[in-house]
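Observations on chain architecture
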Amino acid sequence: MFANLWAIEQRKTFKRKAFVITLAGTAALLVFLVLGTHFSAQVAAQQGGGIGELPSMLWPSGIVVLLTDFLSPGFIGGIVPVILATAFLVEEYRWGTLQLWLSRGVPRSTVLGAKAAALVLPLLLTLIAATLIGGGASALVTHLGAGPGSAEQVNFAQLVLSLLRTLTAMLPVAALTLLLGVLTRSTAGTLGAAMGYLLLGEQLLGGLLSLTGLSTAALYLPITVSTVLTLYNHTLIKGSEAAKSIPVGQAAAFAGALLWTAVFLGLAMWRFNRQDLSI
Amino acid sequence: MYEIVLQTEDLRKQFGGPGGIVAVDRIDLSVRRGEVFGFLGPNGAGKTTAIGMLLGLLQPTSGRVELFGQPVTPRHVAALRQVGSLVGAPAMIPGFTALQNLHVLAGLHPDVDERRVDEVLEIVGLAEAANRRVKGFSLGMKQRLGLAVALLHRPELLILDEPTNGLDPAGMREIRELLQTLAGAGATVFLSSHLLHEVEQVCDRVAILNRGRVVAQGEVSLLLGDQAVVRACVPNPVAAAQALRQLDGVTEIESNGSYVHVKGVSSEAVNLHLVQHRIIPSELTSGRPDLENVFLELTR
Ligand SMILES: Nc1ncnc2c1ncn2[C@@H]1O[C@H](COP(=O)(O)OP(=O)(O)OP(=O)(O)O)[C@@H](O)[C@H]1O
Ligand SMILES: [Mg+2]
């Protein structure tokens, strides 16, 4: 039953406009960011450094900036799961299709669980597309500038792991959005609350924790711990020492992101199971 | 013996906690296999709320729902696999075509194949619009697709909340005939409506709901029979009314001009009683009201 439902959700997902738009939007935004950052950095360098320190978009550091900064859960890696989770869950409350499935004898936890599971593949596909396109743009500026050859510095064995890290970092955001979707059942409410938490909420929480002397605990807040996880993508560059100074261990960061995902999903499930669904 | 496929016991729903609106107030319904059961009530009577509980979408405040002998609540939904429903605005993905919407749903039911999808589109008269996006459908077309969705898996029980909403008169008749055909083939239909002539034409039995309570339940003919009015033209209506008060079974008497109106008894009984009291009616008619009058009477 679950597998069957997952397959249906998956097929629905790929036919949905929200997915296509997110995919295209992410790709366009990344090309813009990579090229924009690169050329701004060049202009800044020529003028003797005016815009502050812009990261280099040349290979190999460009690919790290892409997977760590641009696709971090605090930026595009947060926006994408918020949009997809909102589109795939909250809209179906409004259309009544969620109610329809439930009234066909499908258990509530199966419906929500299948939806959550069906989010992983579109997130992964968006991530892969973003990496290919953003990485391509970065390779292009590298080729135009320094010429080929710098790709040798990339630790390709780490690439798969980096994708996995960046994907895992998106999951708590997706699960949080599902929870907010179940709680508010409104597109605007879910988008607003999720983006509010991403952009502001967690900083406030982190600040409060630090004030009360719990700054270590603040490192384990959902977005923070997921962001920390993506910092390990620096291992993409051969011989990089950057990962040595990360305050949370890699395994702990993985566990933290997955744990928050489970907590948010569990709460969403708990609430969904008790919800009165008007028609 | 009748086989009961749908039963509620003391079913109650209060919105907004203690002190909130009681939308459904201790209703007992029982629907037999193979019948078309009408669920009637004015706006706000609680029909949709009751149906929400039948479908496991709303948690009853108290009481129980049983379908095919199995309990149904938001956490017990197995029995709903035999049920097709259409409630409120038909549920569908607006960006998908009619066909795509049905295909998505067909994935839930292993025994529904391509042929069945085409068949239900044919049944509801949407075959030509199959490849059009639902977004652009008219209200009536959406309603038809909603019916196709309800029928797709050949359910044993159909629960329909105002299914002819938005349909033109020809469409309404098609649906009425369709429901009768389905019931003839062994399906059970639970039909909520405030279109009285519709219910009168297709339903075997009805329950009338008012302010959350069932105010009458039974065979349509019996409900109508209870309310038959006997009208007698007599020389002295006041005296006749006086006399008829002693007649067993009389529920209501009214004198009006040279007529007296009596409810609850047959015209023969009225005739005999009047003659025994030496009142000779010069005219005696028995009018069977339509369901509309019964309904208005009961939900006043
Ligand atoms: N989710 C809800 N929260 C609070 N009150 C509700 C809710 N749903 C319905 N009600 C109230 O319950 C009562 C019954 O509503 P319901 O929709 O069941 O009536 P209905 O018989 O289906 O009416 P209609 O013929 O207009 O469809 C109404 O007073 C309505 O305002
Ligand atoms: Mg209603």
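Residues numbered from 1 in each chain as written. Chains lettered and ligands numbered in written order. Predicted model: local features only at pLDDT ≥ 70, side-chain atom pairs only at ≥ 80, totals over all residues. Heavy atoms only, no water.

Counting its secondary structure elements, chain B contains 10 helices and 14 strands. For chain B, the C-alpha atoms occupy an extent of roughly 75 × 45 × 35 Å along the three principal directions. The proportion of buried residues among the 300 residues of chain B is 52%. Summed over its atoms, the accessible surface of chain B is roughly 13,500 Å², and 48% of this surface lies on carbon and sulfur atoms. Of the charged side chains in chain B, 28 are positive and 33 negative, and the gap between their average positions amounts to 6 Å. (Helix = DSSP H or I, 4+ residues; strand = E, 2+ residues; numbered from the N terminus. Buried < 20%, exposed > 50% of the residue type's maximum accessible area, 1.4 Å probe, protein only. Areas by Shrake-Rupley, 256 points an atom, 1.4 Å probe, with all protein chains shown as cover. Lys, Arg positive; Asp, Glu negative; His and termini not counted. Charge placed at Lys NZ, Arg CZ, Asp CG, Glu CD.)

This part covers the domain arrangement of chain B. Residues and elements named next belong to chain B. Split into domains, chain B comes out as domain 1 (4–224) and domain 2 (229–299). Its C-alpha centre places domain 1 at a distance of 40 Å from the equivalent point of domain 2. Counting residues at the interface gives 13 residues for domain 1 and 9 residues for domain 2. Interface area for domain 1 against domain 2, summed over the two sides, is near 1,100 Å², with a carbon-plus-sulfur share of 77%. Counting across the domain 1 and domain 2 interface gives 0 salt bridges. Summed over the shared surface of domain 1 and domain 2, the result is 0 residue pairs in polar contact (both at pLDDT 80 or more). (Domains from an automatic or database assignment. Contact = heavy atoms within 4.5 Å. Buried area = accessible area lost by both parts, 1.4 Å probe. Salt bridge = Lys/Arg side-chain N within 4 Å of Asp/Glu carboxyl O. Polar contact = N/O pair within 3.5 Å; in protein donor to acceptor, adjacent residues only side chain to side chain.)

For the rest of this paragraph, the subject is the pairing of strand S13 (residues 259–263) of chain B. Residues and elements named next belong to chain B. Note that strand S11 (residues 229–233) and S13 share 5 bridges and pair antiparallel. Bridging across to S13, Arg-231 finds its partner in His-261. Here strand S12 (residues 252–256) runs beside S13; their pairing, made up of 5 bridges, is antiparallel. Note that in S13 the partner of Ser-255 across the bridge is Val-260. As consecutive antiparallel partners, S12 and S13 are separated by 2 residues, and within that stretch Gly-257 has a phi angle of approximately 60°, a positive value. (Pairing = 2+ DSSP bridges.)

It is worth spelling out the packing of aromatic side chains at this point. Tallied over the entire structure, the rule returns 6 aromatic pairs over all chains. Each ring, one from Phe-39 of chain B and one from Phe-190 of chain B, has its centre 5.0 Å from the other, and the planes form 45°; the classification is tilted. Of the two residues, Phe-39 of chain B sits in strand S3 (residues 36–40) while Phe-190 of chain B sits in strand S8 (residues 188–193), which places them 151 residues apart along the sequence. For the pair Phe-39 of chain B and Phe-190 of chain B, a shared accessibility class is recorded, and that class is buried. Taken together, the ring pairs in this structure connect Phe-37, Phe-39 and Phe-190 of chain B into an aromatic cluster. The ring of Phe-272 of chain A carries Arg-108 of chain A above its face, with NZ or CZ at 5.9 Å from the centroid. (Phe/Tyr/Trp six-rings, centres within 6.5 Å; stacked < 30°, edge-to-face > 60°. Lys NZ or Arg CZ within 6 Å of the ring centre and 35° of its normal.)

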